Amino acid sequence: MAQTLPLALLQQAQTRGSAIALRYKRLGIWHARSWSELAQDVGRLAAALHQRGFGRHDDLLIISQARSEALLLALAAQWLGGSVTLLDPERDNRALLARLRPSFVLAEALDAVQQVRHADLPPRVLLFLDGRGLNAGEGKGLSAYADLFSGVAAEPPVCATEPAAIAFVFHADTHGPSLRLSHAQLLGGARKLVAREHLSGAEEALAARVFAASGQARYLLAPWLCAGFCLNFPEAMATRDTDRRELGPTLVLGTRESYARLEQWARERLPLPGTLGYRLYRWAMVPEAQAFRRWLGYWLIRRPLLDVLGMSRLRVPLLVGPALSQESAAFFGALGIHPGNWQEPSARQEPADTRIPLISQSV
Amino acid sequence: MSATTESELLRLDDISLSFKGVKAITSISFAVKAGEICALIGPNGAGKSSLLNVINGVYQAQSGIVTYAGQARRRMRPHQAAERGIARTFQNIALFKGMSVLDNVLTGRNLKLRSSWIEQVLRLGRAPREDDEQRRRAEKIIEFLRIHPWRHVLVGKLPYGLQKRVELARALAAEPRLLLLDEPMAGMNAEEKDEMSQFIRDINREFGTTVVLIEHDIGVVMGLCDHVVVLDYGRKIGDGTPEQVRANPDVIAAYLGTRRSRAESH
């Protein structure tokens, strides 16, 4: 049984190498990577980071939304025994960056690059994903993520990480305590989740903002490597509702707020009150109706609504944090979706810092 | 006629245009350097849109020469202008409202198609590969202008500001060297204008596209453009950098209405 995240990846590559590990959307088209391709990519990235001086005591700081490139580079840093600090690109991280003084940074776009540059001590290596607005050759150590793949040694370095090593670090604010999660903690919790929810390699999970909060690492990333299901990345945060509809995931993870946002999104698209369509919707959403009414309501209203929400194949709706509001619970309950709370025991033993978001907006 | 320099993409020499005896443009000359953002400003009826129409061949000037990419000509049809890399947007949105955003942007790629109609109909030869390439290029523009959340939405259902962006995307899909924008920010609020200005700046920087635009918001023009040409009653009254134009007494007079009072004082 793999004891670290990179070893879990290698195990999946060995046992189910041709299965799809990851799917991401670029320029309107879905692209897929198998477990063996993913392991190769991570190995090459590990070699590239190693060439740039990244070692087992180093930390890679990532400022990015959910993007497959960021996930791969995080695994590559962990492959080398290093840790990964994850910051939300939508926050002002300048003060925190000035305190952390990171040496290795992956910044998603110009805004994040500018935040990093604001720090007194520039990082040794500053990688970017989206070069829009950046001038070529500007700044020492600045290079494109895509360039990591050119001129890399054929053989990746040996996977050097240990179970007790820190995999991810999260910061609530500039001066608050950090939350540090080891490989062992992550995988231990993930195995419990996989067993409890009977997750298998057949699941399709949607990952929006994988790196924004600790809950994503605990309840999505680590279970993904344990169970070997497919992790899908939307094209952008703005397209996640469309992308969910196209994918029809079987596993989603969200908070009270993210489920409420989705409920609101659906309600805005309902027929206007007083119309025949609205009365039909109300008729079909009554929870304890007779069998015929349930059946007809499902095919006339609830099934099309589930399709619009991208939840018609949903099997495991996870909820992290506080329970849904009564309205949201009733709305999703009528659709047959009952998000259950999930708090792994290990999470309760860690420093209780409520300011560190468990998860944000993944549904 | 003045000689064009290598850095000039567009040069207008002594252009005049009239409609049934009404002079819309009178002896206008100016040059636009490759890679610059040039604004045409002036009060309503100054001849700005007519001048754009002369540049891309919708109107034929009665006199004068338009030199584009080193080639001088007296007459050019709009399709020839498009083939030579001139694209434009319109003051009143001219999109296919019943088509999706993606399909509208793809229409901007029509001139780039090389397969014959029979190949297209039968999906033979170059057609399938070319379709994939057209889609990829259109998607790049769609992503660049951040309209991907609406790529499959009918254009008629989009708000005005987004429709303006789709129109810009369609023009950009033709991979123009010269982009003519007729009031790209008309009817927009301050936030939308900021956003559109940023997109125009990005297009200019990332693709090296030369831009000639008409805009009424002087604040936007001064912040966005490298070069400003001021028209008034079909004549050019100012031409220079935003700072030069701002200090030009004729421009101040035209915009602030001080011409009469100055004349009276003489």
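You'll find chain B entered in an unreviewed UniProt entry as Lipopolysaccharide export system ATP-binding protein LptB, with Pseudomonas extremaustralis given as the organism.

Some words on the sheet that holds strand β5 (residues 71-73) of chain B
One key point about sheets: their strands pair by backbone hydrogen bonds, in either a parallel or an antiparallel sense. All names here are of chain B. With antiparallel pairing, the four strands of this open sheet are ordered in space as β2-β1-β4-β5. For this open sheet the edge positions go to β2 (22-33) and β5, each flanked by a neighbour on one side alone. In this sheet, adjacent strand axes meet at a mean angle of 15° when their direction is disregarded. Direction of pairing for strand β4 (residues 63-68) relative to β5: antiparallel, over a ladder of three bridges. Within β5, the position partnered with Thr67 by the bridge is Ala72. Across the sheet, helix α1 (residues 48-55) lies against β1 (8-19), β2, β4 and β5, angled at about 120° from β1, the strand it touches most.

Observations regarding the domain arrangement of chain B
Residues and elements named next belong to chain B. Splitting chain B by domain gives domain 1 (1-84 + 175-265) and domain 2 (93-174). Put simply, the middle of domain 1 and the middle of domain 2, counted by C-alpha atoms, are 27 Å apart. In this complex, domain 1 contributes 20 residues to the contact, which on the side of domain 2 involves 17 residues. Area buried by domain 1 at its contact with domain 2 is led by Glu175, Phe199 and Phe207, which between them contribute 40% of it. Here domain 1 and domain 2 share three salt bridges between them. Of the charged contacts in the structure, one is a salt bridge between Glu175 and Arg137, with a shortest N-O distance of 3.0 Å. Here domain 1 and domain 2 share seven residue pairs in polar contact (both at pLDDT 80 or more) between them. Broken down by secondary-structure element, the contributors of at least two residues to the side of domain 1 that touches domain 2 are α2 (78-83), β7 (178-182) and α7 (190-207). Class assignment of the residues belonging to the side of domain 1 that touches domain 2 gives a composition of 11 nonpolar, one polar and eight charged.

Re the sheet that holds strand β9 (residues 178-182) of chain A
Residue and element names in this part refer to chain A. The mixed open sheet is built from seven strands, whose spatial order is β7-β6-β5-β3-β4-β8-β9. The sheet terminates laterally at β7 (142-144) and β9, the two strands that pair on one side only. This sheet shows a mean twist of 20° between the axes of neighbouring strands, independent of strand direction. Pairing between strand β8 (residues 166-171) and β9: five bridges, direction antiparallel. When the bridges of β9 are listed, His171 appears paired with Ser178. Contacts from helix α6 (residues 183-197) reach β8 and β9, with the element oriented near 70° to β9.

A few points about a nonpolar patch on the surface
Residue and element names in this part refer to chain B. A surface patch of nonpolar side chains, about 560 Å² in accessible area, is lined by Trp117, Ile118, Val121, Leu122 and Leu124. Here Trp117 shows up in helix α4 (residues 117-122). The class of Trp117 is exposed, set by a relative accessible area of 65%.

Structural notes on empty space enclosed by the protein
Residue and element names in this part refer to chain B. If you walk through the whole model with that rule in mind, you get three cavities of 30 Å³ or more. The wall of the second largest cavity is formed by Thr89, Lys164, Glu167, Leu168, Leu181, Pro184 and Met196. A domain-level breakdown of the lining of the second largest cavity finds at least three residues from each of domain 1 (1-84 + 175-265) and domain 2 (93-174).

Side note on unusual backbone geometry
A positive phi angle is found at A:Arg101, which is not glycine, with a value near 45°. Relative to the helices and strands, A:Arg101 resides in the loop between α4 (94-100) and β5 (104-107). Exposure remark for A:Arg101: the relative accessible area of 45% places this residue in the partly exposed category. Phi at B:Glu183 is positive, roughly 50°, even though this residue is not glycine. Considering the arrangement of structural elements, one finds B:Glu183 in the loop between β7 and α7.

Focus: the pairing of strand β4 (residues 83-87) of chain A
All names here are of chain A. Counting buried positions along β4 yields five of five residues, so the element is predominantly enclosed. Alternating positions in β4 separate into two faces, Ser83, Thr85 and Leu87 on one and Val84 and Leu86 on the other, with burial throughout. Inspection of the sheet shows strand β3 (residues 59-63) paired to β4 by five bridges, in the parallel sense. Among the inter-strand pairings, Leu61 is bridged to a residue of β4, identified as Thr85. Alignment of β4 against β8, held across three bridges, turns out to be parallel. Residue pairing across strands places Val84 opposite Phe168, the latter belonging to β8.

Some remarks on the packing of aromatic side chains
Centre distance and the angle of the planes are the two values used to describe a pair of aromatic rings. If you walk through the whole model with that rule in mind, you get 11 aromatic pairs over all chains. Measuring from centroid to centroid gives 5.0 Å for A:Phe54 and A:Phe104, while their planes differ by 80°, and the two rings are edge-to-face. Linking A:Phe54 in the loop between α2 (35-51) and β3 with A:Phe104 in strand β5, this pair joins segments that are 50 residues apart in sequence. Residues A:Phe54 and A:Phe104 agree in their burial class; the two are buried. Connected via pairs of aromatic rings, a cluster forms that spans A:Tyr259, A:Phe331 and A:Phe332. Just above the ring of B:Phe144 sits the side chain of A:Arg132; from NZ or CZ to the centre is 3.9 Å.

Topic: the side chain of A:Glu203
All names here are of chain A. Within the secondary structure, Glu203 sits in the loop between α6 and β10 (204-206). With relative accessibility at 4%, the residue Glu203 sits in the buried group. Not counting chain neighbours up to four residues away, the residues in contact with Glu203 comprise His198, Phe229, Cys230, Thr250 and Arg315.

Notes on helix α5 (residues 127-144) of chain B
Residue and element names in this part refer to chain B. Here α5 contains 18 residues, and its C-alpha end-to-end distance of 26 Å stays within 8% of the 26 Å for a straight helix at 1.5 Å per residue. Of all the residues in α5, the buried ones are Ala127, Glu130, Gln134, Ala138, Glu139, Ile141, Ile142 and Phe144. As for α5, its buried residues are in contact with α3 (101-107), α4, α6 (160-173) and α7. Arg146 sits one or two positions beyond α5 and adopts a positive phi of about 55°.

What to know about the interface of chain A and chain B
On the side of chain B, 14 residues touch chain A, which itself brings 13 residues to the contact. Together chain A and chain B conceal approximately 1,100 Å² of surface at their shared face, both sides included; 51% is due to carbon and sulfur atoms. Ranking the residues of chain A by area buried against chain B places A:Leu27, A:Arg132 and A:Glu235 at the top, with a combined share of 58%. Applying the counting rule to chain A against chain B returns two salt bridges. Summed over the shared surface of chain A and chain B, the result is four residue pairs in polar contact (both at pLDDT 80 or more).

A look at the environment of B:Leu154
Residues and elements named next belong to chain B. Turning to its location among the elements, Leu154 is positioned in the loop between α5 and α6. For Leu154, a relative accessible area of 36% translates into the label partly exposed. The sequence separation of Leu154 and Asp202 amounts to 48 residues, and the corresponding C-alpha distance is 26 Å. For Leu154, the contacting residues outside a window of four places in its chain are Lys97, Gly98, Met99 and Ser100.

What counts, and where the lines are drawn
Along every chain, residues carry numbers that run from 1 in the direction the sequence is written. Each chain is given a letter, starting from A, and each ligand a number, starting from 1, according to the order in which they appear as written. A pLDDT threshold of at least 70 governs which residues receive local features in this predicted model, and a stricter bar of 80 or more applies before side-chain atom pairs are shown or counted, although totals over entire chains, interfaces and linings include all residues. Calculation of side-chain values draws on the structure's entire complement of heavy atoms; hydrogens and water are dropped beforehand. One requirement defines pairing of two strands: DSSP has to find at least two bridges between them. Each helix is a run of DSSP H or I of at least 4 residues and each strand a run of E of at least 2, with the numbering of both proceeding from the N terminus. Only the contacting stretch of a helix is used when fitting its axis, a line to C-alpha atoms as for every element, and angles between N-to-C directions run 0 to 180 degrees. Here, residues are in contact when the closest pair of their heavy atoms is within 4.5 Å. An automatic or database domain assignment is the source of the domain bounds shown. When two components associate, each loses some accessible surface as probed by a 1.4 Å sphere; the sum of these losses over both components is called the buried area. In the sections that follow, a salt bridge refers to a side-chain nitrogen of Lys or Arg positioned within 4 Å of a carboxyl oxygen of Asp or Glu. Pairs of N or O atoms are called polar contacts if they sit within 3.5 Å, as long as, within protein, a hydrogen donor faces a hydrogen acceptor (for residues adjacent in sequence, only side-chain-to-side-chain pairs). Under the convention adopted here, Pro, Cys and the residues Ala, Val, Leu, Ile, Met, Phe, Trp and Tyr are nonpolar, Asp, Glu, Lys and Arg are charged, and Gly plus all remaining residues are polar. Residues enter a patch when their relative accessible area is above 30% and they make no salt bridge; the linking distance is 9 Å between like charges and 5 Å between nonpolar side chains (Val, Leu, Ile, Met, Phe, Trp, Tyr). All accessible-area figures derive from a Shrake-Rupley calculation using a 1.4 Å probe, and residue coverage is judged against the displayed protein chains alone. Accessible area is worked out with a 1.4 Å probe on protein chains only. A residue is then buried under 20% of its type maximum, exposed over 50%, and partly exposed in between. Buriedness of a pocket was judged along seven lines, with at least five required to meet protein on both sides within 12 Å; pockets are open sets of points on a 1 Å grid over the protein atoms alone, cavities are sets where a 1.4 Å probe fits but cannot get out, and lining residues have an atom within 4 Å of a point. Grid points are joined across faces, edges and corners, and a volume is the space filled by probe spheres set on the points. Centres within 6.5 Å make a pair out of two Phe, Tyr or Trp rings, where for Trp the six-membered ring is used; the pair is then stacked when the planes are under 30 degrees apart, edge-to-face when over 60, and tilted otherwise. Should the NZ of a Lys or the CZ of an Arg lie within 6 Å of a ring centre and within 35 degrees of the ring normal, that charge is described as sitting over the ring. Expected helix span is computed as 1.5 Å times (number of residues minus one).

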